[in-house]
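# Topology and contacts: notes
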Amino acid sequence: MDRSRFVLKTTPPRAHRTAIARPRLDRLWSDIHERTLIEVCAPGGFGKSTLLVQWRRRWLERGALVAWATLDAQDTPLRFASLLGHALRVASGRSAFENVVAEAAGEPDRVVDALTALLAEIAGLATPTVLILDDGEHLPAETVDSALSYLLMNAPANLQVVFGSRAPVPLPSAEWAASGNLGRVGVDDLRLDLDESVALLAKRFGKRLELDDCVHLHELTEGWPIGLQLAAAAIERAPHYHTAIASLSARQGDIERYFIESLLERLPSEVAGFLTRIAILDPVSAELAEAVTGCALASAWLDQIMADTPIMTVAELGSMRLHALARDFLVSRFERLPAAEQSRLHERAAAWLAERGHYPEASRHALAAGDEARAHRYAEQSLWTLATGGNLAEAQQWIGRMQAMTQPSDVDFRLVTAWIMAFSERAPEARRIAAEVAGDPTTSANAAFVAALVEGCAAWCLDQIGDVPAIMARWPELPAHATEPVHRVAYANTLALVPLHRGDAQRARSLDTRAPQSTDNSSLRLALAIGRSFVAHSYLRNGEIAPMEELLQPAVVYAERTLGRRSTVACISAVHLAAALYERNELARADAMLAHRVDVVERLVAPDTIIVAYRTLARLAVAQGDERRAHALLENLHALGQSRGVPRFVMESLALQATLHSLRDRVEAAALLVAELDSIAGRFEAQEFRPYLPEFTVRRALARAYVALAKFDVDSAERELDSASAAAESVKLGRDLMTIQALRAVAAGRRRSANAPALLAEALSLATLRGCLRLAEDAHPDAAAMAAGLAARDSPRPPVAAVPVKPRAVTMAAGGLLTPKEAEVLRLLAANHSNKHIAKAMDISDETVKWHLKNLFSKLSAGTRRHAVDRARMMGLVAEDSSAA
């Protein structure tokens, strides 16, 4: 045997210098590290070997004996046995492992004897032993079927085998799976999540890369570790990272070389050509690929590409999609094909997709084929699908293209285009079109109803909800002819607008944010997301953070997974979820939630969502010590309000800037902003903006109170706080009422009143109950100092004699640490229930359970499920005997 080759094959690879700790995978290791067989299977570039190196270190830290062997195609059964003997000798220092194999040298029929002797030696160690086998896809089938299978089927109790491969290998794992002794790690586990991508980029770039840019890179690379490394290398030497990321391409440099060397050159030429020709299809199915390329082997080749490369993932309904960077590279190859062939392939795709009703995709291919008339015909049929699914940007592009050629005359089509235009800067035009249709005496009752919905939507996007009651006056009840599910949801949303801002939270919360079972959920994505944002906004106005999180977390997870992180639907929910996370003082998570999304939110033109996004970003900037950025953001909001004619944007900008200046004792600057705020008061007397008048009164009075406190004019401050309180009470602005109470405590403190601590304690108690954990810190520095004093005064002193008190099985932590759902998950976790059982018991999805577990680990500072339960017991959240529940 070639001993020098064995030395190389049994030496673990060096850990990558930019490798990061991945707590999520550490938790996975904690769950499966005692299982007999662990399969780690993922295509190249997903960090499989890096993971095995990191896990090897974990086992070594636990005192296990860990042997490493890198496999190749020359590992016959006998050579495989010899390799294992050498690996075990290196790991243990015991020459007996090599000796027992040497006795079988040259006698292939004694491989079983050699492996039996190896297993006996392992059993005799009485020490946990881990055998890591990497690059298993190269192992000859004969060795898999004989030597490896024998090793696994006869493994002693102290032996664990970790098998890493780029493609599935038929291992005899059924018995281990049945007994719960099989662990599997796949692509979904190894794919970087957003937090991991940000951590990896921070390790490489430090603070030179902004969070928005980190998130953009994560989205471009889709969590593909090698893709992120290549992208980072591509921009590392650029003078301006943001510009470099915006122009990042797989058509040049290291990324292009990687795809040429690791993809095209390793595939048979006919498969590489097939892959180039299907690069224009997103998503792609075997049937579509065969129709476009004419290749009868399309299904087999797609399966081969899926198994052998990292560039393709499973999409919805059995289809597949190419990784974004891979598609960019392959489309550059597609564009080198003869123009006639390119057009022919696009024409086939358009025809196949149109026949099956996939008009949005068909219109794109028809346009690429140069058939503009057919593209427009398909686009007309696809606008409704695009818009209701939340793909507003593409729908708006098609409208612009079609209207440049001809003005639609069909009433239904005019209303669809107007509805889409309402979600853009063309909202005034949309409102005009809808009013014209509604005012036409020849318009049918159903078309008039839809026109009212369109006009109401445009009024909402223009922030002119005071006009909505008049627009909808003809339909106080849902008409019987309104059978389209989207119209029914839109009607409920529209009627909830004014009550929401008048403080009728119950009306907003009665909105059904789930899709009716009788319709395709995709057609209601946008309407349901808007309704969900109204419900969330009602919670935010009242400072009720826990139910807000429970409503939005699953929605964001689902939308990101199915539609993409920057989809309109995902962004609508993410904005309010970020506000909730900020209120709970989870600043990093709130920042990441909003990163690389604000431009999408601005394009949507939903006023409340835009205000919440900018307010949260500005507060985050202040909390992170970057007041300059906060003012820049608020100036942007001011400019947006002026350009779109939305006085509430201006109001929010001026009021918050005045507050920030007052808190830094810049009284003159704050007073000028308050004066400007006074100058727009008349705008809120107009009918269209009148529902916002109480909110304006609150914002202006609070801004004046902050200026008065900065001047130490307590009398004026208290008068303004009384005014703010009355207005906030009238429209149920509970979150503002808590701030007002905190500021009253500050004013009382300025008077040296003994009542000041009690006033603040009451506000803090209510804020803590509702999850607003930053009340004192955000309200005023004096409130923060007073709160610190209260905390020090109320902190328990060590008891003279501890009296054991049995806690309840699971309780809400002091200070509202856990939401009710998190507390219930913790109770079931402490009772040793699996994720699947927890999901079934609580009637929620597995994804939601994982989200709650992630939050529990973060809040309890735990790394594993067991650790979380132990921490909870220590904190009195779980009883000692709760496992028997």
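Look up a bit, the structure's there.
So, a few notes on the structure that sits alongside this text.

Analysis parameters
Residues numbered from 1 in each chain as written. Predicted model: local features only at pLDDT ≥ 70, side-chain atom pairs only at ≥ 80, totals over all residues. Heavy atoms only, no water. Helix = DSSP H or I, 4+ residues; strand = E, 2+ residues; numbered from the N terminus. Buried < 20%, exposed > 50% of the residue type's maximum accessible area, 1.4 Å probe, protein only. Contact = heavy atoms within 4.5 Å. Areas by Shrake-Rupley, 256 points an atom, 1.4 Å probe, with all protein chains shown as cover. Lys, Arg positive; Asp, Glu negative; His and termini not counted. Charge placed at Lys NZ, Arg CZ, Asp CG, Glu CD. Phe/Tyr/Trp six-rings, centres within 6.5 Å; stacked < 30°, edge-to-face > 60°. Pairing = 2+ DSSP bridges. Core = buried A, V, L, I, M, F, W, Y, C linked by side-chain atoms within 4.5 Å. Salt bridge = Lys/Arg side-chain N within 4 Å of Asp/Glu carboxyl O. Axes fitted to C-alpha atoms, helices over the stretch in contact; angles between N-to-C directions. Parallel < 35°, antiparallel > 145°, perpendicular 65-115°, else oblique. Left-handed = near helix turned anticlockwise from the far one by under 90°. Nonpolar A, V, L, I, M, F, W, Y, C, P; charged D, E, K, R; others polar. 1 Å grid on protein atoms, 1.4 Å probe; cavity = no way out; pocket = protein on both sides within 12 Å on 5 of 7 lines; lining within 4 Å. Points joined across faces, edges and corners; volume = space filled by probe spheres on them.

### Overview of the overall build of the protein chain
Each helix and strand in the protein chain was counted, giving 47 helices and seven strands. Dimensions of the protein chain along its principal axes, counting C-alpha atoms only, are 100 × 85 × 55 Å. Burial statistics for the protein chain: of 885 residues in total, 55% are counted as buried. Contacts spanning at least 24 positions in sequence make up 68% of the contacts within the protein chain whose residues lie at least 6 apart. For the protein chain, the accessible surface area stands at approximately 38,000 Å², while carbon and sulfur atoms represent 52% of it. Taken as two groups, the 99 positive and 107 negative side-chain charges of the protein chain have centres that lie 4 Å from each other.

### Some details on the side chain of Thr568
Mapped onto the secondary structure, Thr568 falls in helix α31 (residues 568-583). Judged by relative accessible area, Thr568 falls into the buried class, the value being 14%. Setting aside residues up to four positions removed in sequence, Thr568 forms contacts with Gly390, Leu392, Leu526, Val600 and Leu604.

### Topic: the packing of aromatic side chains
Under the counting rule described, the total for this entry stands at 15 aromatic pairs. Both rings, one in Trp224 and one in Phe259, keep their centres 5.9 Å apart while their planes meet at 35°; by these two values the pair is tilted. Residue Trp224 is located in the loop between α11 (211-221) and α12 (225-235), and its partner Phe259 is located in helix α14 (residues 253-262); the two are separated by 35 residues in the primary sequence. Phe259 matches Trp224 in its accessibility class, with the two residues each being buried. An angle of 65° between the planes, with centres 5.4 Å apart, marks the rings of Phe274 and Trp301 as edge-to-face.

### Here we look at the pairing of strand β1 (residues 37-41)
Summarising burial for β1: four of the five residues are buried, a large majority. With five bridges connecting them, β1 and strand β4 (residues 159-165) associate as parallel partners. Each bridged residue has a counterpart across the sheet, and for Ile38 the counterpart in β4 is Val162. Pairing analysis gives four bridges linking β1 to strand β5 (residues 182-185), with the strands arranged parallel. Looking at β5, one finds that Ile38 is bridged to Gly183.

### Describing unusual backbone geometry
The peptide bond linking Asp282 to Pro283 adopts the cis configuration, its omega dihedral lying at 0°. On the secondary structure map, Pro283 appears in the loop between α15 (269-277) and α16 (286-293). Positive phi outside glycine occurs at His596, with the angle close to 60°. Mapped onto the fold, His596 is located in the loop between α32 (587-594) and α33 (598-604). Using a relative accessible area of 14% as the deciding quantity, one classes His596 as buried. Of note, Lys732 is a non-glycine position whose phi angle comes to about 60°, a positive value. Tracing the backbone through its elements, the reader meets Lys732 in the loop between α39 (714-730) and α40 (734-750).

### Topic: the nonpolar core
In this structure, Trp55, Phe259, Leu275, Ile311, Met312, Phe423 and Trp460 are the most contacted members of the largest nonpolar core, which totals 163 residues. Once residues within four sequence positions are removed from consideration, Leu275 is found in contact with Leu263, Leu267, Ile305, Ile311, Met312, Leu322 and Leu330. Core analysis: the next-biggest nonpolar cluster, separate from the first, contains 43 residues, Met548, Leu577, Leu637 and Ala767 among them.

### Quick word on the pattern of salt bridges
Taken as a whole, this structure holds 58 salt bridges when the rule is applied. Its salt-bridge partner being Arg774, residue Asp778 comes within 3.1 Å of it at the nearest N-O pair. Under the relative-accessibility criterion, Asp778 is labelled partly exposed at 22%. Of the residues examined, Arg774 reaches a relative accessible area of 3% and is grouped as buried. The network of salt bridges with common partners includes Arg5, Lys9, Asp72, Asp75 and Arg79.

### Focus on the packing of helix α34 (residues 607-623) against helix α35 (residues 627-644)
Two elements in contact, α34 and α35, have axes separated by 7 Å at closest approach and are oriented at 160°. Of the possible angle classes, the one that applies to α34 and α35 is roughly antiparallel. Here α34 and α35 pass one another in a crossing that is left-handed. Between α34, through Ile610, Tyr614, Leu617, Ala618, Ala621 and Val622, and α35, the contact on the second element is made entirely by Glu627, Arg629, Ala630, Leu633, Leu634, Asn636, Leu637, Leu640 and Arg644. Across the contact of α34 with α35, the residue classes break down as eleven nonpolar, one polar and three charged.

### Comments concerning empty space enclosed by the protein
Under the defined criterion, the tally for this structure stands at two cavities of 30 Å³ or more. Taken as a whole, the largest cavity holds about 290 Å³ of empty space. Secondary-structure elements contributing two or more residues to the lining of the largest cavity are α21 (372-388), α23 (411-422), α25 (445-461), α27 (485-501) and α29 (525-542). The residue inventory of the lining of the largest cavity, partitioned by class, reads 18 nonpolar, five polar and no charged. Reported here for the second largest cavity is a volume of approximately 50 Å³. Forming the boundary of the second largest cavity are Trp460, Ser533, Phe534, His537, His576, Ala606, Pro607, Asp608 and Thr609. Mapped by element, the contributors of at least two residues to the lining of the second largest cavity are α29 and α34. Along the lines of polarity and charge, the residues of the lining of the second largest cavity split into four nonpolar, four polar and one charged.

### Considerations on the environment of Ile680
Note that Ile680 resides in the loop between α37 (667-679) and α38 (693-710). It is 25 Å that separates the C-alpha atoms of Ile680 and Leu604, two residues lying 76 residues apart in sequence. Those residues in contact with Ile680 that sit more than four places away from it in its chain are Pro647, Val650, Met651 and Phe696.

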